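Per-entry structural report
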Amino acid sequence: ISPWPDREGNPWLVDELPFFNAKKSLFIKEPSETQGIHCRFGMRSVTAETHFDKQRNFAVQLGGLRRWLLFHPDQCDNLYLLPPSHPSGRHTSLDLSKPASENVAKFPKFSLLRANEVIMQPGDALFIPTQWFHHIISLNLNYQCNCRSGNDYMPWREDIDKCGFG
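This write-up is about the structure you can find in this document. Remember, predicted model here, so these are calculated numbers, not experimental data. (Residues numbered from 1 in each chain as written. Predicted model: local features only at pLDDT ≥ 70, side-chain atom pairs only at ≥ 80, totals over all residues. Heavy atoms only, no water.)

**Some thoughts on the sheet that holds strand 5 (residues 116-120)**
Here four strands make up an open sheet; going across it, the order is 2-7-4-5 and the pairing antiparallel. Two strands lie at the open edges of the sheet, namely strand 2 (47-52) and strand 5, each paired on one side alone. Averaged over all adjacent pairs, the angle separating strand axes in this sheet is 15°, with direction ignored. Where strand 2 and strand 7 (residues 133-138) come together, four bridges link them in antiparallel fashion. Residue pairing in the sheet places F52 in a bridge with F133 of strand 7. (Pairing = 2+ DSSP bridges. Helix = DSSP H or I, 4+ residues; strand = E, 2+ residues; numbered from the N terminus. Axes fitted to C-alpha atoms, helices over the stretch in contact; angles between N-to-C directions.)

**Structural notes on unusual backbone geometry**
If a residue is not glycine, its phi is most likely negative; likewise, a peptide bond is most likely trans. The backbone of Y80 sits at a positive phi, close to 50°, despite the residue not being glycine. Tracing the backbone shows Y80 in the loop between strand 4 (66-71) and helix 3 (100-106). With relative accessibility at 22%, the residue Y80 sits in the partly exposed group. Even without glycine at this site, Q131 takes up a positive phi of about 65°. (Buried < 20%, exposed > 50% of the residue type's maximum accessible area, 1.4 Å probe, protein only.)

Pasting the structure below:
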């Protein structure tokens, strides 16, 4: 059985995006742990709320624009994460669509939060290390594909552990 469900059902996808080919990729370190290629379409203002993934992630923007906010795992305390037992346990309680003043009033450490911002355009690729937090906002009609596989040595493991996700 192939670790690439999309390769069997949609071989054109890997043919069009050869860097996702598990046998040839520099980006996928552990092909046997790959969860396939996932393509997502977005319309203006659609968001993926702030969360982290348990695997390394590699995204390619194929059309339109997406704004990514990336947070180092040492920011977990300032992100007010939902508890691990919550159904959305890897997500934040913050609502980044609201004005900063509303978040500061409800979540005082919000003012300490540090992030990196990336605007992905067609042809851009982004690597998101294991357990890095990210918030994604569609700026217009867009589509991107990504894949996740395995995890890396994480020098920031203590940061995630202190927030209860070790």
